[in-house]
Amino acid sequence: MCSQIPELLELSEMARRQGEEFPRRRDLYHEILGKKGRHFSGIVGPRGVGKTVLLKQMAASDPECVYVSVDTLKERDLFDVIRRLHQDHGFGCILLDEVHFHDDFDGELKKAHDFLDVRIVFTSSTAL
């Protein structure tokens, strides 16, 4: 069981507030936010291009979204974190920033895709 959920929810709320500070939206924001249903979207690019801001803007705009900065995640079971946020807290969209910080992110995301009815948007600033 993920004991870090209360901290993650608090950090997500902080991310929401930060997302509201950036009123300008890029085309990618509208494209990703407009998609519904169970799917994954990955955003890869160099540091400083706005990937994190985009996720925070999405969190601020959609109450079904929760923002998780994977580089602050202490739990090693990313699937369990996603499952708890979805099943226990009702989030239909999980925003994972800096997913490459998790050693087995690809396997954990595959499990989430196979077993959960959840939308995931993730970012990485390194080559996947």
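Bear in mind that the values here come from a model prediction, so they are computed numbers and not experimental data.

(A) Examining helix α4 (residues 78-88) more closely. Counting buried positions over the 11 residues of α4 gives eight, a clear majority of the element. Along α4, the residues that are buried comprise Leu78, Phe79, Asp80, Val81, Ile82, Arg84, Leu85 and His86. Buried residues in α4 make contact with α1 (5-19), β2 (65-69), β3 (93-97), α5 (105-115) and β4 (119-124). The opening residue of α4 is Asp77, an N-cap whose side-chain oxygen sits 3.3 Å from the backbone nitrogen of Phe79. Count one or two residues on from α4 and you reach Gly90, which has phi positive near 80 degrees.

(B) Layout of the side chain of Gln4. Note on placement: Gln4 falls in the segment before α1. Residue classification places Gln4 among the buried positions, given a relative accessible area of 4%. Polar side-chain contacts of Gln4 include one of 3.2 Å to the backbone oxygen of Thr72. A distance of 2.8 Å separates a polar atom in the side chain of Gln4 from the backbone nitrogen of Lys74.

The rules behind each value
Residues numbered from 1 in each chain as written. Predicted model: local features only at pLDDT ≥ 70, side-chain atom pairs only at ≥ 80, totals over all residues. Heavy atoms only, no water. Buried < 20%, exposed > 50% of the residue type's maximum accessible area, 1.4 Å probe, protein only. Helix = DSSP H or I, 4+ residues; strand = E, 2+ residues; numbered from the N terminus. Contact = heavy atoms within 4.5 Å. Polar contact = N/O pair within 3.5 Å; in protein donor to acceptor, adjacent residues only side chain to side chain.

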